[in-house]
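Given next are the chains, with one letter for each unit.
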2 protein chains.
Amino acid sequence: MSSPLPLTATPLTASEFAPFGDVIEPRATPTVMINQGLCARHSDLALLDFADGRAGISLFDAQARHLPHLVEMVERHPLGSQAFIPLGPWRCLVIVAADAGGVPDTPRAFVTEPGRAINLHRGVWHGVLTPLDTAGQFAVVDRIGTGPNLEEHWFERPYLIEALEV
Amino acid sequence: MSSPLPLTATPLTASEFAPFGDVIEPRATPTVMINQGLCARHSDLALLDFADGRAGISLFDAQARHLPHLVEMVERHPLGSQAFIPLGPWRCLVIVAADAGGVPDTPRAFVTEPGRAINLHRGVWHGVLTPLDTAGQFAVVDRIGTGPNLEEHWFERPYLIEALEV
């Protein structure tokens, strides 16, 4: 294997992540107050987009990942978006890449705030689920359907995330 | 106000909750292992059901509730199911009631395990969101659409949950 290229993980922000998906975070002001003022609703924070099939909720039990993290592969789902909702206050690496003629361009890496959910837009190249330093259970909102919905791309030269840039 | 009737909250189980909705919990065996064996996927654990509009993901910031908890009102959403996914390890009261000719029958009360998500089926009478003893943020998968989708029923005689039955 070739020696890996360095990749820096920076704090996830909605604006930087916009080309790839949604950061599911409260709006500056709630959409509406409900339950006699005891609950703030922030509505419709993710673009759910399914070519066929339907939306469903699944659980993913992911093993812990640690730094340094080697990125040898990214994948994409051409038929549907995929939202990852952590059921606890852990951070995750979010590795994404623009498409460059059917293969991923140089990836970008972000680190979430503890407990932050994200939604990957349909067809976006991304790394595997990576809760940092703890195993994590996630609710995932994605396409339930039949037929192949996974493409993988293995990098000739992998990337290595050694530390988080704060 | 009339003196309240006692209501007992028992631990939430999928079988007892089945008439009202889904407990979003891992299956006995994963649907599939993904990410080179490092992640177990438990697929399609909730019946998402929308009469119109579309599924969306919202955030609810709910204030803490405490025992004793007075149940004066339940509500229902005739146009869509509603899944509540806690973003942290707190417990919730889940108050539901069967329909009896357009009004709620005697309610039932359950308490979730810490971090457990649930999905209320379309049109099921239910109490408000009640994270116990802590404020809680939830991702909610429900109908995004226009038009009225809320019916409330205020009990002539309310119910009081004084303690949890373990």
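Along each chain, residue indices are assigned from 1 in the same order as the chain's sequence is written. Chain A is the first chain written and ligand 1 is the first ligand written, with later ones labelled in order. Residue-level local features of this predicted model are given only where pLDDT is at least 70; pairs of side-chain atoms are given and counted only at 80 or more, and the full residue set underlies all totals for whole chains, interfaces and linings. Heavy atoms throughout the structure, all of them, feed into the side-chain values; hydrogens and water do not.

What am I meant to see in the sheet that holds strand S3 (residues 21–24) of chain A here?
Where strands meet in a sheet, backbone hydrogen bonds hold them as pairs that are either parallel or antiparallel. Any two strands between which DSSP finds at least two bridges are classified as paired. Secondary structure elements follow DSSP: runs of H or I no shorter than four residues count as helices, runs of E no shorter than two count as strands, and numbering proceeds from the N terminus. The 7 strands are arranged S3(A)-S13(A)-S8(A)-S16(A)-S6(A)-S5(B)-S4(B) in an open sheet whose pairing can be described as antiparallel. The strands lining the two open edges of the sheet, one partner per strand, are S3 of chain A together with strand S4 (32–34) of chain B. Averaged over all pairs of adjacent strands, the angle between their axes in this sheet comes to 25°, without regard to strand direction. Every angle, taken between N-to-C directions, lies between 0 and 180 degrees, and every axis is a line fitted to C-alpha atoms, over only the stretch in contact when it is a helix.

Would you mind showing me how to read the packing of aromatic side chains here?
Pairing of aromatic rings covers Phe, Tyr and Trp, the last through its six-membered ring, and needs centres within 6.5 Å; plane angles under 30 degrees mean stacked, over 60 mean edge-to-face, and all others mean tilted. Scanning the model with the defined rule gives 10 aromatic pairs over all chains in all. A centroid spacing of 6.0 Å and a plane angle of 75° characterise the contact between Phe60(A) and Phe84(A), whose relative ring orientation is edge-to-face. Of the two residues, Phe60(A) is situated in strand S6 (residues 54–62) and Phe84(A) in strand S8 (residues 82–86); the sequence distance between them amounts to 24 residues. Phe84(A) matches Phe60(A) in its accessibility class, with the two residues each being buried. Note on Phe17(B) and Phe110(B): the rings are 5.9 Å apart at their centroids and 85° apart in plane angle, and the pair reads as edge-to-face. Partly exposed residues are those whose accessible area sits between 20% and 50% of the maximum for their type, while under 20% is buried and over 50% is exposed, using a 1.4 Å probe and protein chains only.

I would appreciate a short explanation of the interface of chain B and chain A in the present structure.
You'll often see interface size given as the accessible area lost when the parts meet. In this assembly, 49 residues from chain B lie in contact with 49 residues from chain A. Buried area between chain B and chain A, summed over both chains or domains, comes out near 3600 Å², and the portion from carbon and sulfur atoms is 56%. Per-residue buried area on chain B facing chain A is highest for Leu38(B), Ile57(B) and Leu59(B); these three make up 19% of the total on that side. Salt bridge, as used here, is a side-chain nitrogen of Lys or Arg placed within 4 Å of a carboxyl oxygen of Asp or Glu. If you look at where chain B meets chain A, you find 4 salt bridges. Among the salt bridges present, the one from Arg54(A) reaches Asp44(B), with a minimum N-O distance of 2.6 Å. Nitrogen and oxygen atoms within 3.5 Å of one another constitute a polar contact, given that in protein one can donate a hydrogen and the other can accept it, and given that sequence-neighbouring residues count only through two side-chain atoms. At the boundary of chain B with chain A, the tally comes to 18 residue pairs in polar contact (both at pLDDT 80 or more). In this description, contact between two residues means that some pair of their heavy atoms is separated by no more than 4.5 Å. Summed over both partners, the accessible area lost on bringing two parts together, with a 1.4 Å probe, is the buried area.

How should I be thinking about the relation of the copies chain B and chain A in this particular structure?
Both copies of the chain are related through a single rotation about an axis accompanied by a shift along the same axis. Note on the copies: chain B fits chain A at an RMSD of 0.0 Å, the axial shift is 0.0 Å, and the rotation between them is 180°. Those values place the two copies in the arrangement expected of a two-fold rotation axis. The overlap is high: 100% of the interface residues of chain B also sit at the interface in chain A, so the same surface is used on both sides. The copies were overlaid with a least-squares fit restricted to C-alpha atoms from residues scoring a pLDDT of at least 70 in each copy.

Which parts of the structure should I look at to understand unusual backbone geometry?
Excluding glycine, a negative phi dihedral is what most residues carry, and trans is how most peptide bonds are arranged. Look at the link from Leu67(A) to Pro68(A): it is a cis peptide, with omega at -5°. Looking at the secondary structure, you find Pro68(A) in the loop between S6 and strand S7 (69–76). A positive phi is found at Gln36(B), a non-glycine position, where the angle reads about 55°. You can see Gln36(B) is positioned in the loop between S4 and strand S5 (39–42).

When you look at the nonpolar core in this model, what are you seeing that I'm missing?
Nonpolar side chains tend to gather and get buried jointly when the protein is soluble and globular. Counting residues in hydrophobic clusters, the biggest one holds 26 residues, and the most contacted among them are Ile57(A) and Ile57(B). Of all the secondary-structure elements, those providing two or more residues to this core are S6, S8 and strand S16 (136–144) of chain A together with strand S6 (54–62), strand S8 (82–86) and strand S16 (136–144) of chain B. If sequence neighbours within four positions are ignored, Ile57(A) has contacts with Ala139(A), Val140(A), Val141(A), Ile24(B), Ser43(B), Asp44(B), Leu45(B), Ala46(B), Leu48(B), Ala83(B) and Val141(B). By nonpolar core is meant a set of buried Ala, Val, Leu, Ile, Met, Phe, Trp, Tyr and Cys residues that side-chain atoms within 4.5 Å join together.

Even after reading the chapter, I still don't get the sheet that holds S16(B), so can you show me in this structure?
The strand order S4(A)-S5(A)-S6(B)-S16(B)-S8(B)-S13(B)-S3(B) describes an open sheet built from 7 strands, whose pairing is antiparallel. Of all strands in the sheet, those bounded by a partner on one side alone are strand S4 (32–34) of chain A together with strand S3 (21–24) of chain B. Across this sheet, the average inter-strand angle for adjacent strands is 25°, counted without regard to direction. Note that S4(A) and strand S5 (residues 39–42) of chain A share 3 bridges and pair antiparallel. Note on S5(A): the bridge partner recorded for Val32(A) is Arg41(A).

Any chance you could explain the pairing of strand S7 (residues 69–76) of chain B here in plain terms?
Residues and elements named next belong to chain B. Counting buried positions over the 8 residues of S7 gives 6, a clear majority of the element. With 7 bridges connecting them, S7 and strand S17 (residues 151–161) associate as antiparallel partners. Bridge assignment links Glu 75 to a residue of S17, and that residue is Glu 152.

Explain the pairing of S6(A) here, please?
When a strand is regular, its side chains alternate between the sheet's two faces. In terms of burial, S6(A) is a largely internal element, 7 of the 9 residues being buried. Bridge count between S6(A) and S5(B): 4 bridges; the pairing is antiparallel. Looking at S5(B), one finds that Leu59(A) is bridged to His42(B).

Would you explain the pattern of salt bridges in this entry?
Two side chains that carry opposite charge are able to pair once their charged atoms sit near each other. All names here are of chain A. Considering all chains together, one arrives at 17 salt bridges over all chains under this definition. Note that Asp 49 is salt-bridged to Arg 122, the shortest N-O span being 3.3 Å. Of this pair, Asp 49 sits in the loop between S5 and S6 while Arg 122 is found in the loop between strand S13 (117–120) and strand S14 (125–126), placing the two residues 73 residues apart along the sequence. Arg 122 gets classed as partly exposed once you look at its relative accessible area, which sits at 35%. In this structure, Arg 76 and Asp 99 form a salt bridge, with 3.2 Å as the shortest nitrogen-oxygen distance. Of this pair, Arg 76 sits in strand S7 while Asp 99 is found in strand S10 (residues 99–100), placing the two residues 23 residues apart along the sequence. Classification of Arg 76 as buried rests on a relative accessible area of 14%. Through salt bridges with shared partners, a single ionic network connects Glu 25, Glu 113 and Arg 116.

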